[in-house]
Each structure stands twice: as structure tokens, then as C-alpha cells.
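As a plain string of letters, each chain reads:
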Amino acid sequence: MNFFSRIFGFLSQDMAIDLGTANTLVYVRGRGIVLNEPSVVALETVNGRRQVKAVGNDAKMMMGKTPDNVQAIRPLRDGVIADIEVAEDMIKYFIDKVHGKSSWVPRGPEIVICVPSGSTPVEKRAIRDAANNAGASQVHLILEPMAAAIGAGMPVTEPIGSMVVDIGGGTTEVAVLSLRGLAYTTSVRVGGDKMDEAIVNYVRRNHNLLIGDATAERIKKQIGTALPPADGIGATVEIKGRDLVNGVPKEITINQGQVADALSEPVSQIIESVRLALENTAPELAADIVDQGIVLTGGGALLGGLDEALRQATGLPVTVAEDPLSCVALGTGRALEDPVYRGVLTGA
């Protein structure tokens, strides 16, 4: 029986999905992470009907550059589904891509999907329905901070308090974990998207230059920092956009000090959410966190100087997980594969 269940498990390609605002990662049982693509769908309107033109990498390349009849959209906003139909199309596309060309599978895949801890029952139902309609035989949900902590190798099954800060594209999840549960959790809708938005607004306000989200993301990745550089200037990068005064394309140089200034508000919101979590943590768990420290996961953890900014604000040791971008997907995958973690799943 065990042999057959393993064979059928392999054929059905049971999977764990990190359905992120910015990127979707798919983990397949026994194979690990097999897909990592942007959570973007390009829709083309033909004779008044919308149809999918491209998904993932191909769709992201079209963002901001499409003709009137093509629209590149992100079906998730702030970590939750904003457009259920498009989300279904996207999930179905990724499932089909993972399955390959095989037309015969004995059953639909069992799917584990992570959701932000602040998701409402309606939002959770929308995610479950999207996966069911995309062909899943069973859908389980796992809270994002729990998945991040498992993926980062934190002792979530032991009676030890530990804190994880998962900074994704749409949300920052701050959680204190112990004994397979969340002792405290808060979800703030601040993440990589809000950082990009802050850079766009800063450049428009201070340089009368309009730049796109892709340019803002490049600035964040190249010279983004949570702390102002020692000389107040730091590294520089050249950016192009549209001059709002003359209406013509223009190129300017922006420095690290300016980017730190632009990012100060979203960074301070993340720090404030960590402070709030620490204030609401039981004394015994707080004592453990002093020893264990805080672990940062998610793409936002890669922002330069963020760990140091949190260290200065809390006085606690802060470390960035080994592979912060993949922690949630790896943790969701381990919850799918390892019976030890099945107790953290919901929505069976």
C-alpha cells in the first residue's frame, strides 16, 4: 500500500504553492521548488471577451508596455486575491506547467497554499476555491509566518519561543511561534510593493520625474537601504523617466541617501509592527526571543541595512534566513511532505 501511495503521489504531483503578491513559487512533493515566476497575468480583449495571453515571466515583461486591448495585471494585492477569476487562471496555468504535457493523472493534486495571517474567512475561501477550480483534489491552507519559520529551520514544534518577520511583496507578517502554534501574530499591509511606491512618490515629488514600478524595483534592489549611508550619499544609480514639467523623457542620478529617505516610512512601519509584537509577547516567550533572536524572511529581508535597523530599534540579535526568498515555499513544502508539520495545516 505504501509503495502504491508513493507511486500515485508522484504521478499526481502533490504540490505546495507560495501564492505571493509579487512571485508565485511551486514546490512539488519529492522534487522541491520547481517553479518561481511573477504573479502576473496578461489579458487580451478580443471581441469584448477577456482571454489569457501570457502568465508569469512573459506577462511581467509586458507590464506598462501593453497596447489598449492587452492588460497586464497582478491578481493578488496586499497578499490576498483581488481578482478571483484571473487568480484561478494563474493557478491553473502554473499547475499545468508543473504537470507538463501528461494528460493522465490518477487524481487531482493535493495542494497546500500559504495565506497571510491577517486573511479574513472570505479571503481564505477565495484562495481555496481558486485552487479547487484549478483542479486540486484537496486543498489545505497554512499561515504564512508559520511556513516561513518552518522554511527557515526554526524550532516551531518545540516549547521554545521564536520570532519570524516575513516581508513579502504585499504584507509583512510578524509572529511569535511556539509548539506548532502562533502565540502572537500581526499582519501589516506593507512590503516590497509599498517600498516601490514610496520610491516612485519620492522621485516624483523631489525631481519632477515620473518613473514606473519596474524602475523603482530596480532602484530598491541595486541601492535600497533602510539606514542612511555614513556620508549621506553612498552609491548612485542612473534612472530614466518622464519629466513632469516638460513632458519629455529625462535621465537623472539618484543616491543611496535619497533612497533611504524615500524608504523611511515603510521601514518604520515594519519596525513598529515588530515592537508591537514584542510588547504583546508573554514574558517566558520574550525571554526565549532574547536568546533566539529575530529571523527575517521574504524578499524584503534583502533590503540593505534592515537587519541592522531592527537590531538598533529592539536591542535583539537579528539574522536574515539563509534563503529568504524561498523560505515560505520551502516551509509550505515541508508541511506537505512531513507528518510532523501536518498539525499546522488548516482548511482540510
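One can find the structure itself at the top, above this paragraph.
Predicted model only: the values in this text are computed from it and were never measured.

Caption draft 1: Focus on the overall build of the chain. Counting its secondary structure elements, the chain contains eleven helices and 18 strands. For a compact globule of 348 residues, the expected C-alpha radius of gyration is about 20 Å, and the chain comes in at 21 Å, within 12% of that figure. Along the three orthogonal principal directions, the C-alpha set of the chain runs to about 70 × 65 × 30 Å. Counting over 348 residues, the chain shows a buried share of 49%. Considering only contacts within the chain whose residues lie at least 6 apart along the sequence, 62% involve residues at least 24 apart. If you average the places of the 32 positive and of the 41 negative side-chain charges in the chain, the two averages end up 6 Å apart.

Caption draft 2: Representation of the sheet that holds strand β5 (residues 49-55) in the model. Strand order in this open sheet of three strands is β5-β4-β6, and the pairing throughout is antiparallel. The strands lining the two open edges of the sheet, one partner per strand, are β5 and β6 (70-73). Strand-to-strand twist in this sheet, taken as the mean axis angle between neighbours without regard to direction, amounts to 30°. Across six bridges, the pairing between strand β4 (residues 41-46) and β5 is antiparallel. Bridge pairing links Val46 to Arg49 in β5. Of the strands in this sheet, β4, β5 and β6 are in contact with helix α3 (residues 84-99), which crosses β5 at around 40°.

Caption draft 3: Seen up close, unusual backbone geometry. Unusually for a residue other than glycine, Asn208 sits at a positive phi of about 50°. Residue placement: Asn208 occurs in the loop between α6 (192-207) and β14 (209-210). Look at Asn208 and you get partly exposed, because its relative accessible area is 39%.

Caption draft 4: Geometry of the pattern of salt bridges. Within the structure shown, the criterion is met by 16 salt bridges. Here Arg275 ties to Glu272 by a salt bridge, and the two come within 3.6 Å at their closest N and O atoms. On the criterion of helical spacing, the pair formed by Arg275 and Glu272 is a turn pair, its members being three residues apart in helix α8 (residues 256-279). With a relative accessible area of 35%, Arg275 lands in the partly exposed category. Its relative accessible area of 43% is what places Glu272 among the partly exposed residues. Connected via shared salt-bridge partners are Asp14, Arg29 and Glu110.

Caption draft 5: Representation of the side chain of Thr332 in the model. Among the structural elements, Thr332 can be located in helix α11 (residues 327-337). When neighbours within four sequence positions are excluded, Thr332 is seen to be in contact with Ala16, Ile17, Val112, Cys114, Ile142 and Ala147.

Caption draft 6: Structural view of the sheet that holds strand β1 (residues 15-19). The sheet built from five strands is open, its strands ordered β3-β2-β1-β9-β10 with mixed pairing. Pairing within the sheet leaves two strands with one partner each, and these edge strands are β3 (32-38) and β10 (138-143). In this sheet, neighbouring strand axes are inclined to one another by 20° on average, regardless of whether the strands run parallel or antiparallel. In terms of strand pairing, β1 meets strand β9 (residues 110-115) through three bridges, oriented parallel. Looking at the pairing, Met15 lines up with Ile111 of β9. Across the sheet, helix α4 (residues 121-133) lies against β9 and β10, angled at about 145° from β10, the strand it touches most.

Caption draft 7: The arrangement of the side chain of Asp243 in detail. In this fold, Asp243 is placed in strand β15 (residues 236-243). Given the relative accessible area of 7%, Asp243 is considered buried. Every residue in contact with Asp243, bar those within four places of it in the chain, is listed here: Asn208, Leu209, Val248 and Lys250.

Caption draft 8: Quick look at the layout of surface pockets. Considered as a void within the structure, the second largest pocket measures approximately 210 Å³ in volume. Around the second largest pocket, the lining residues are Lys194, Glu197, Ala198, Asn201, Tyr202, Arg205, Asp261, Ala262, Ser264, Glu265, Pro266 and Gln269. When contributions to the lining of the second largest pocket are tallied by element, the ones reaching two or more residues are α6 and α8. Among the residues forming the lining of the second largest pocket, the class breakdown is four nonpolar, three polar and five charged.

Calculation notes
Residues numbered from 1 in each chain as written. Predicted model: local features only at pLDDT ≥ 70, side-chain atom pairs only at ≥ 80, totals over all residues. Heavy atoms only, no water. Helix = DSSP H or I, 4+ residues; strand = E, 2+ residues; numbered from the N terminus. Rg over C-alpha atoms; globule rule 2.2 N^0.38 Å. Buried < 20%, exposed > 50% of the residue type's maximum accessible area, 1.4 Å probe, protein only. Contact = heavy atoms within 4.5 Å. Lys, Arg positive; Asp, Glu negative; His and termini not counted. Charge placed at Lys NZ, Arg CZ, Asp CG, Glu CD. Pairing = 2+ DSSP bridges. Axes fitted to C-alpha atoms, helices over the stretch in contact; angles between N-to-C directions. Salt bridge = Lys/Arg side-chain N within 4 Å of Asp/Glu carboxyl O. 1 Å grid on protein atoms, 1.4 Å probe; cavity = no way out; pocket = protein on both sides within 12 Å on 5 of 7 lines; lining within 4 Å. Points joined across faces, edges and corners; volume = space filled by probe spheres on them. Nonpolar A, V, L, I, M, F, W, Y, C, P; charged D, E, K, R; others polar.

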